[in-house]
Amino acid sequence: MEMNYIYNEKYHDKVDHKATSIFGNFVAIPKGNESFQMTTWMNRHGKKDYHINFLVNKGYLCITGDLGEGILHAEDFESLHDWAGLSPDYFIEKICCTSESPWFETKYFIKDFVSKADLVAIPENSKEMDLIKELASFCEDNPACKLPEELLDKVKQTFYVGSAELKDWLPCCGRRYPKRIIYWQTALSMMADSKLRELIR
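Because the structure is predicted, anything quoted here is derived from the model rather than measured.

A look at the environment of Arg44
- The topology assignment puts Arg44 in the loop between strand E2 (37-43) and strand E3 (52-57).
- Sequence separation between Arg44 and Tyr108 is 64 residues, and the spatial gap between their C-alpha atoms is 36 Å.
- Look past the residues within four positions of Arg44 in its chain and what remains in contact with it is Asn25, Phe26 and Val27.

Thoughts on the nonpolar core
- Among the nonpolar cores identified, the biggest contains 34 residues, and Phe23, Trp41, Ile52, Phe54, Leu61, Trp83 and Leu188 are the most heavily contacted of them.
- Looking at which element gives the most residues to this core, the answer is helix H8 (residues 179-200), with nine residues.
- Once residues within four sequence positions are removed from consideration, Leu61 is found in contact with Phe54, Leu55, Val56, Gly70, Ile71, Leu72, Leu80, Trp83 and Leu188.
- Counting residues in each nonpolar core, the second largest holds 24 residues, with Phe109, Val114, Leu166 and Cys173 among its members.

Notes on the packing of aromatic side chains
- For the structure shown, the criterion picks out 13 aromatic pairs.
- Judged by centre distance (5.5 Å) and plane angle (70°), the rings of Phe113 and Trp169 are edge-to-face. Residue Phe113 is located in helix H4 (residues 106-116), and its partner Trp169 is located in helix H7 (residues 163-169); the two are separated by 56 residues in the primary sequence. For the pair formed by Phe113 and Trp169, the shared burial category is buried.
- Across from the ring centre of Tyr108, 4.4 Å away, lies the NZ or CZ of Arg176, which sits over that ring.

Observations concerning helix H5 (residues 127-141)
- Over its 15 residues, H5 extends 22 Å from the first C-alpha to the last, a length consistent with the 21 Å expected when each residue adds 1.5 Å.
- The complete set of buried residues in H5 reads Met129, Leu131, Ile132, Leu135, Ala136 and Cys139. Seen end-on, H5 carries its buried residues on one side only, within an arc spanning 155°. Set apart from the buried face of H5 by more than 90 degrees, the exposed residues are Lys127, Asp130 and Asp141.

Side note on the pairing of strand E4 (residues 60-65)
- Of the pairings in the sheet, the one linking E3 to E4 comprises six bridges and is antiparallel in character. Its bridge partner lying in E4, Asn53 is registered against Thr64.
- The loop that links E3 with its antiparallel partner E4 comprises two residues; one of these, Lys58, has a positive phi angle of about 50°.
- Across four bridges, E4 lies against strand E5 (residues 70-73) in antiparallel orientation. Bridge pairing links Tyr60 to His73 in E5.
- Turn length for the E4-E5 hairpin, with the two strands adjacent in sequence and antiparallel, is four residues, and the turn residue Gly68 shows positive phi of about 95°.

Criteria and cut-off values
Residues numbered from 1 in each chain as written. Predicted model: local features only at pLDDT ≥ 70, side-chain atom pairs only at ≥ 80, totals over all residues. Heavy atoms only, no water. Helix = DSSP H or I, 4+ residues; strand = E, 2+ residues; numbered from the N terminus. Contact = heavy atoms within 4.5 Å. Core = buried A, V, L, I, M, F, W, Y, C linked by side-chain atoms within 4.5 Å. Buried < 20%, exposed > 50% of the residue type's maximum accessible area, 1.4 Å probe, protein only. Phe/Tyr/Trp six-rings, centres within 6.5 Å; stacked < 30°, edge-to-face > 60°. Lys NZ or Arg CZ within 6 Å of the ring centre and 35° of its normal. Expected span 1.5 Å × (residues − 1). Arc of directions from axis to C-beta. Pairing = 2+ DSSP bridges.

Shown next, in the form of structure tokens:
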């Protein structure tokens, strides 16, 4: 599965903080048998909001629930504990498919484009900013960001960037890790921490 996004620590930490707050009253409920291991992560008071089901079987982690679906694969991972505490990039690399797509925001697109194109600050009410916003609108609806010839020429002439350069980084502009994927990762880490605390007691 190919995902175009930019890892931004501040954004990731903000989403992780919100997920940690939401999961404050959650508990891990193990289910399953000898052939598979399943754990439901849900509110201890029985509310279904944000509940997640994690199923581990032969190197695969299948995720379902209120936050969408996903399948991750790592041959040597046999338990939920193996999936916890991975770096964001490594976690994303293991995703084979997911119902979620990268999170897009115009403000991120503007910031990313200005940075990647090595531009100085662009005034809000300028032709250049209008063009960047037009680009943002196009790329939000077209994740591959394959620009029509007329728009591509306009961008190259205005910002002095080449087609190959744009092809490299334009699809990533404005996109961040899908929020739900960060929620999944946070839940796995919280479950691992909870299990560790139980072992220490």
